[in-house]
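# Reading the structure
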Amino acid sequence: MTALSSNPHDFAARDFDYLIVGGGTAGLVVAARLSEDPSVVVGVLEAGPAALNEDAINVPDPFLRTLGTKYDWQFETIRQDGLGGRTLPWPRGKVLGGTSALNLMTWNRGSKQDYDAWEELGNKGWGWDGLLSSLRSSSRPFFKKSETMHLPGGEKQSIYREYYDPESIGTSGPVHASYSKQYSKTHQLCYDALVGLGVPENRAHQGGSNVGVWTNLTSVNPEDDTRSYAAPAYFKPNSSKKNFVVLTEALVQEIVLSQEDGGAWIATGVRFTYGNDTFIASASREVILSAGSIQSPQLLELSGIGNSRILKDAGIEVKVPNHNVGENLQDHLMTISVFEIDPSLEMTNLGAPACPYCYLPIPLATSGGMLEQLTDKIEALGLFDPDEKEILQTRFKSDANLGHFEYIFDLGNWSSYFRPEPSDDKKYASVLQILQYPFSRGSIHIRKPNGSGSNANDPATITDKPVIDPRYYSGPHGELDLEIMTQCIRFSDRLCRSAPLSDFVRSRVAPSPSITSDDDVRDWVVRNTTTDWHPVGTCSMGGRRGIQSGVVDDRLRVYGVNRLRVIDASIMPLQISAHLQATVYAIAEKGADLIREDNIAKRQ
């Protein structure tokens, strides 16, 4: 018997203990871990196809081939005033495995302080120690539990600086993490240039500080050079279980809530469509929402949980008022500088960037006077509550050893805004400049359909794409991001003027060499900023302020609804300085343990 179902009637007729909405990065982790108990039955509903044998996903060369295809939800922001009125595409995985099937496969963690900040807000157990340990003494630590790191060795390890801390890595988890099998010459050139600029070499970048320069790890299985993502890692090994059932191409419309005698609301199941038919699936224990930072808040609102005004405007009955649903959106902003390089530099046939990654503290990228100006502006901000504001201020102190900027140097023109002439036979390299601790705060909300075929009385549905408004560079908070990004770009110029990399860099082509003043650079940033596709925070943990500042508690239970949790990147209250996937796997591993622990407590 296979866990992959193609019959919605059979699925809806099953007696599930747990129903998981979203068979993506987090959802498949939770489902696999809960199904380890043979006495429970777990159901997963995924809107996309299985695509387990899709080469465009499994063979990561070239990467990002699936963006804009049927495996991508193809979301888009609304026009952003801070970006000169531009909209940005927001790819999200619409396939079994979610965005882990589409992403760039970078495998890293944030710094200890990033996770400790979550706990400082009152979310017990969500600091670094809580994620690198476990709730049960027989269980492995959550970060380690998800990964199998393939250990480097021999001469290649020292040449390409493939270093690691043996105490911080996992060696028997479902997701494979590995160093590249080959590197271009620019790896050593860039690495040595960064060290020459005073950037420290980090030989334990998974161990609580990612600051410095180190060689990138990716979620690639080196045994067959395939992408290692949630579907082969967590679904395939469990696909023969009778208590683990996945229905793909099933679109969840809402969470079914019931209310007993005017008391608390209880999640009893979900309503979903399969083709043109509608079904109800029930869960006797819990419904777990793992639809991601865009669709988890969307589904909560469609189910009557959210800001009363927004729900009423969208034609949705208000069941649980909570103004925080869909708010607190934070994303990593990115610009890409492009340089003409010596044509002798050859690219390698790689499926993911095999290059140095650099996480740089802001004092190394800017002057002391500029840092002082930034900290004064942070102190004057009024949007954040006192605890959060204190954390943000601490992050930008002169002695804060944190990765405020991420730099990735790689061959090729990565920019969608710099377009050389078709006849141009020049070679280019790109520096990706990514702002890690954004002050911009946005939102994701439902709205009434406004298409030509819609009725004015029709309520919003899951097929109506939500309003995604990151508010990039908008307001005093966003203006601070704009200033920080302007400083971020300056360091890339210094890098490419530094030996030995400078021997192979001919000139900067984007921004144009004529762009030199801060005002001109700032204008270029507005016209060229894009997203690094790392949205978080839209169903965030409320900490000590509870429903006044969040959507879920520190056990990921939705405020005001029994038997309903959210487990995905949306629960993160503050952005981290890292790519997200390794942290999302850890969140899901911990979330599954929380569910099991709570159910053990209920039986005692």
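Everything below is about the structure printed above this text.
Below, the structure is looked at part by part. (Residues numbered from 1 in each chain as written. Predicted model: local features only at pLDDT ≥ 70, side-chain atom pairs only at ≥ 80, totals over all residues. Heavy atoms only, no water.)

This part covers the overall build of the chain. A count of helical and extended segments in the chain gives 17 helices and 26 strands. Radius of gyration (C-alpha) of the chain: 24 Å, near the 25 Å computed for a compact globule of 604 residues. Taken across its 604 residues, the chain has 62% of its residues classed as buried. Counting contacts in the chain only where the partners sit at least 6 residues apart, residues at least 24 apart contribute 76% of the total. With an accessible surface of roughly 22300 Å², the chain has 47% of that area assigned to carbon and sulfur atoms. Across the chain, the mean location of the 58 positive side-chain charges is 3 Å away from that of the 74 negative side-chain charges. (Helix = DSSP H or I, 4+ residues; strand = E, 2+ residues; numbered from the N terminus. Rg over C-alpha atoms; globule rule 2.2 N^0.38 Å. Buried < 20%, exposed > 50% of the residue type's maximum accessible area, 1.4 Å probe, protein only. Contact = heavy atoms within 4.5 Å. Areas by Shrake-Rupley, 256 points an atom, 1.4 Å probe, with all protein chains shown as cover. Lys, Arg positive; Asp, Glu negative; His and termini not counted. Charge placed at Lys NZ, Arg CZ, Asp CG, Glu CD.)

This part covers a negative patch on the surface. On the surface, E119, E120, D129 and E390 cluster together into a negatively charged patch. You can see E119 is positioned in helix α4 (residues 112–120). The class of E119 is partly exposed, set by a relative accessible area of 34%. (Patch = residues over 30% accessible without salt bridge, like charges linked within 9 Å, V, L, I, M, F, W, Y side chains within 5 Å. Salt bridge = Lys/Arg side-chain N within 4 Å of Asp/Glu carboxyl O.)

With that out of the way, let us pick up the side chain of S100. Here S100 is to be found in the loop between β5 (89–90) and α4. A polar atom in the side chain of S100 sits 2.5 Å from the backbone oxygen of G97. S100 has contacts with T25, R227, Y229, A230, Q581 and Y585, leaving out every residue within four places of it along the chain. (Polar contact = N/O pair within 3.5 Å; in protein donor to acceptor, adjacent residues only side chain to side chain.)

So, on to the nonpolar core. Within the largest apolar cluster, 186 residues are counted, with the highest numbers of intra-cluster contacts made by W118, F272 and L300. A total of nine residues in this core trace back to one element, the largest contributor, which is helix α15 (residues 475–496). If we ignore the near neighbours within four places in the chain, the residues touching W118 are N123, W126, L131, M541, M572, P573, L574, I576, T583 and I587. (Core = buried A, V, L, I, M, F, W, Y, C linked by side-chain atoms within 4.5 Å.)

We now examine the pairing of strand β11 (residues 244–247). As a general feature of sheets, a regular strand has side chains that alternate between the two faces. On β11, burial covers both faces: F244 and V246 on one face and V245 and L247 on the other are all buried. The pairing of strand β3 (residues 42–45) with β11 spans four bridges and is classified as parallel. The residue bridging V44 from the neighbouring strand is V246, located in β11. (Pairing = 2+ DSSP bridges.)

By the definition in use, this model includes 32 salt bridges. Here the salt bridges share partners, and the residues they tie into one network are R33, E36, K145, E589, D593 and R596.

With that out of the way, let us pick up the side chain of D331. Mapping D331 onto the fold places it in the loop between β16 (320–321) and β17 (333–341). Buried within the structure, D331 lacks any salt-bridge partner; its nearest side chain of opposite charge belongs to R92, at an N-O separation of 6.9 Å. Setting aside anything within four residues of it in sequence, one finds D331 in contact with W90, P438, Y472, T531, W533, H534, P535 and Q575.

The next point concerns helix α2 (residues 25–34). Of all the 10 residues making up α2, 10 are buried; the element is thus mostly covered by neighbouring parts of the structure. Among all positions of α2, only T25, A26, G27, L28, V29, V30, A31, A32, R33 and L34 are buried.

According to the stated counting rule, one finds 19 aromatic pairs in the structure shown. Consider the rings of F272 and F279, whose centres lie 5.4 Å apart with planes at 20 degrees: the pair is stacked. The two residues F272 and F279 agree in class, both being buried. A connected cluster of aromatic rings, assembled from ring pairs, spans Y115, W118, W126, W128 and F143. Lying over the aromatic face of W73, K94 brings its terminal NZ or CZ to 4.5 Å of the ring centre. The ring of W126 carries K590 above its face, with NZ or CZ at 5.1 Å from the centroid. (Phe/Tyr/Trp six-rings, centres within 6.5 Å; stacked < 30°, edge-to-face > 60°. Lys NZ or Arg CZ within 6 Å of the ring centre and 35° of its normal.)

With their axes 9 Å apart at the nearest point, α15 and helix α16 (residues 518–528) run at an angle of 105 degrees to one another. As summarised for this structure, α15 and α16 are arranged roughly perpendicular, according to the angle between their axes. Contact residues: L482, E483, M485, T486, Q487, I489 and R490 in α15; D518, V521, R522, W524, V525 and V526 in α16. Partitioning the contact of α15 with α16 into residue classes produces seven nonpolar, two polar and four charged. (Axes fitted to C-alpha atoms, helices over the stretch in contact; angles between N-to-C directions. Parallel < 35°, antiparallel > 145°, perpendicular 65-115°, else oblique. Nonpolar A, V, L, I, M, F, W, Y, C, P; charged D, E, K, R; others polar.)

Among the residues of α16, V521, W524, V525, V526 and N528 are the ones counted as buried. Structurally, α16 contributes buried residues whose contacts are with β17, α15, β23 (505–510) and β24 (530–531).

It is worth spelling out unusual backbone geometry at this point. Residue P500 follows A499 across a cis peptide bond; omega there is 0 degrees. Looking at the element boundaries, P500 is found in the loop between α15 and β23. A cis amide bond, omega 0 degrees, links A510 with the succeeding residue P511. Non-glycine residue D225 carries a positive phi angle of around 60 degrees. By secondary structure assignment, the location of D225 is in the loop between β9 (220–221) and β10 (226–227). By relative accessible area, D225 is classed as partly exposed at 39%. One non-glycine residue, Y473, lies in the positive phi region at around 55 degrees. Residue Y473 is classed as buried on the basis of its relative accessible area, which comes to 5%.

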